[in-house]
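Breakdown of the fold
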Amino acid sequence: MLAYVLLAAVARAQQYGNGLGKHTYSVSQAHAASQFLMTMLPVQTDYPSKAESCGQLGRTRVAVAPVPNGTCHLHAQGAALAEATSYAVGSVAFVKATGEYSIGSSLIGKELSAATAATPQDCAALCSGACAGAEWVTAPTSYTNGFGLHAVHVNASSARPYGAMSNEQVEDALTVKLDAVRATGAYDAFLDFTTGFWVASLDRLCATFDAVGQRYVVLKWQTYYSVIVRAASSSILIELMSETCATACDAALPHPHARYVFRDGATVASVFGALTDKDAAKPLLHAARVSWPTSNLTRDRAFFVDGGLARVLDRDAGAGVAVDTYDFAKLSENAIMQFQLVERPAANTTGPLTVAAWETVMLDTHAAALRDDVCGFDQWMDHHAGLAVRNSTHTLGSLAELAERLGLKYHVNKEGHGRRLDEAEDLEWGSGYALYVSAPNGVALSINGLRQGDYVPSRPIGSGEVDLCNMGTCPNASFLAAL
């Protein structure tokens with residue numbers, strides 16, 4: 001009976017605002033990342049997703065129902081390629097003369113006709129005769145409660161610093177690493193920074209990737225497969241896991257460690273359901289696991305395990321690699337989506353940017369930018385996993401005390417009206433407090449819906465969660481002058 005209860009709860013936990021419900025990334029081009037997610041995957045826009053004065057919010061959520069076909073716009077000769085501008089729908093342009101696709105691009109010029117199409121390649125197949133190019137546009141959708149995939153770009157007009165390396169520099173380093181993986185077949189430690197989803201089949205998704213020229217990495221572990229694909233040029237690596245994969249997985253790299261842990265006799269069907277959409281153009285994504293690399297797993301356990309945040313589900317080690325698999329049921333009973341920390345040998349990457357060096361960039365930036373509990377924020381804090389923990393036994397006070405004891409930087413925001421709640425009162429959506437706290441490796445947790453407990457702020461708490469210009473509540477401008 002216990003196993004049934006736990007497995008039934010898994011399905012309920014894979015939602016925004018309920019347990020581990022989002023993974024946010026700091027990127028150089030949030031709009032481009034969101035365009036990739038909405039066109040290549042069953043992913044829809046989230047709110048707010050827009051350009052603003054201090055950057056871009058490319059916020060999306062995975063679909064929770066089959067996605068409708070897109071619209072194929074067929075264009076005459078002379079149509080010009082342009083960057084898509086919408087944050088609500090995704091666009092892929094196809095130029096017949098070259099046979100090339102451009103994700104996140106539109107065609108401007110005389111339109112010959114329009115039709116429905118399930119994929120960009122289906123749209124391109126309709127471009128014949130006088131048609132010189134086609135633009136495939138995803139169908140508009142309403143907001144869902146699916147898992148959140150958020151891309152955040154902060155521009156130079158914001159006071160939020162990035163420290164010793166910019167997003168562009170880190171993304172360039174990631175490009176070198178991914179090129180080396182594809183060239184040599186050697187695994188890279190940065191492939192552990194992923195958001196993982198289970199899908200009924202990888203075949204149709206890989207067929208679209210192949211058609212539009214999108215490269216990806218394929219792994220074989222146990223009897224399962226993982227396809228890791230990058231959202232545009234960002235640090236967003238999406239891992240698609242399945243037991244069904246045809247020719248796309250013929251050259252899969254063998255991987256000795258489980259990318260998802262099936263415990264106590266659990267199966268794919270018992271955890272993720274019947275998965276009857278394997279023939280769909282975009283099989284639904286079932287949120288499975290968030291993974292982070294680390295240079296020191298023992299250090300991180302002091303925060304996650306000894307700090308009472310995470311429940312240990314599995315520990316695996318071998319060949320110099322250590323993998324911890326957790327959930328956050330100790331924070332909230334619904335927070336049972338898996339979370340992995342992976343430590344590999346320092347040399348298990350290409351180029352000078354090691355995992356430890358990346359951590360140092362983030363940690364040093366946090367140390368300089370987060371001046372106290374309510375003043376200061378930096379761009380790397382937007383690398384965070386988001387937890388909603390309504391009615392948790394943990395409070396803002398207890399978590400702030402843990403962070404201070406371990407020397408970890410944190411920032412407090414109001415969530416909604418942020419009233420101080422009686423310990424017996426249930427938290428409603430949009431109430432309580434939000435804590436952004438750096439883990440020991442520099443990647444952050446965003447913990448929302450907390451009661452105040454015995455926490456006393458240094459000054460009144462701000463509410464700038466999606467305001468990219470916001471630096472919190474600071475005593476005066478000179479307080480941030482050194483940034």
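Scroll up for the structure.
Residues numbered from 1 in each chain as written. Predicted model: local features only at pLDDT ≥ 70, side-chain atom pairs only at ≥ 80, totals over all residues. Heavy atoms only, no water.

**Some thoughts on the overall build of the chain**
When helices and strands are counted, the chain shows 9 helices and 25 strands. In terms of overall dimensions, the chain is globule-like: its C-alpha atoms have a radius of gyration of 22 Å, near the 23 Å expected for 483 residues. Considering only contacts within the chain whose residues lie at least 6 apart along the sequence, 74% involve residues at least 24 apart. As displayed, the chain has an accessible area near 18100 Å², and 53% of this comes from carbon and sulfur atoms. (Helix = DSSP H or I, 4+ residues; strand = E, 2+ residues; numbered from the N terminus. Rg over C-alpha atoms; globule rule 2.2 N^0.38 Å. Contact = heavy atoms within 4.5 Å. Areas by Shrake-Rupley, 256 points an atom, 1.4 Å probe, with all protein chains shown as cover.)

**A closer look at helix H4 (residues 167–184)**
Its 18 residues give H4 an end-to-end C-alpha distance of 26 Å, which sits within 8% of 26 Å, the value for a rise of 1.5 Å per residue. Listing the buried residues of H4 in full gives Asn167, Val170, Glu171, Ala173, Leu174, Lys177, Leu178, Ala180 and Val181. Along its buried surface, H4 packs onto strand E1 (19–26), strand E14 (216–221), strand E15 (224–230), strand E16 (237–242), strand E17 (253–254) and helix H8 (355–369). Backbone geometry just downstream of H4 places Gly185 in the positive-phi region, at approximately 80 degrees. (Expected span 1.5 Å × (residues − 1). Buried < 20%, exposed > 50% of the residue type's maximum accessible area, 1.4 Å probe, protein only.)

**Section: the packing of aromatic side chains**
Applying the stated criterion to the full structure yields 25 aromatic pairs. Ring centres of Phe209 and Tyr216 lie 5.7 Å apart, and the angle between their planes is 50 degrees; on these two criteria the pair is classed as tilted. Assessed through its relative accessible area of 0%, Phe209 is described here as buried. On the basis of relative accessible area, Tyr216 is assigned to the buried category, the value being 15%. Three or more aromatic residues joined by ring pairs make a cluster, and in this case those are Trp198, Trp221, Tyr224, Tyr260, Phe262 and Phe272. (Phe/Tyr/Trp six-rings, centres within 6.5 Å; stacked < 30°, edge-to-face > 60°.)

**Some points on the sheet that holds strand E19 (residues 311–318)**
The sheet built from 9 strands is open, its strands ordered E17-E14-E15-E16-E13-E18-E21-E20-E19 with mixed pairing. The open sheet has two edge strands with one neighbour each: E17 and E19. With 5 bridges joining them, strand E13 (residues 194–198) and strand E18 (residues 286–294) adopt antiparallel strand pairing. Its bridge partner lying in E18, Thr195 is registered against Val290. (Pairing = 2+ DSSP bridges.)

**Comments concerning the state of the cysteines**
Simply put, disulfide is the name for a covalent bond between the sulfur atoms of two cysteines. Evaluated as defined, the whole model comprises 5 disulfides. Here Cys54 connects covalently by a disulfide to Cys469, the sulfurs 1.9 Å from one another. When the S-S torsion is 105 degrees, as for the bridge of Cys54 with Cys469, the disulfide is right-handed. Pair noted here: Cys54 is in the loop between strand E3 (50–52) and strand E4 (55–62) and Cys469 is in the segment after strand E25 (444–450), with a separation of 415 residues, a long-range link. Its relative accessible area of 4% is what places Cys54 among the buried residues. You can call Cys469 partly exposed: its relative accessible area is 33%. Across the disulfide from Cys245 sits Cys249; the S-S distance is 1.9 Å. The sign of the 85 degrees torsion about the S-S bond sets the Cys245-Cys249 disulfide as right-handed. The thiol sulfur of Cys206 is not disulfide-bonded, and the nearest other cysteine sulfur, from Cys245, lies at 5.2 Å. (Disulfide = S-S within 2.5 Å.)

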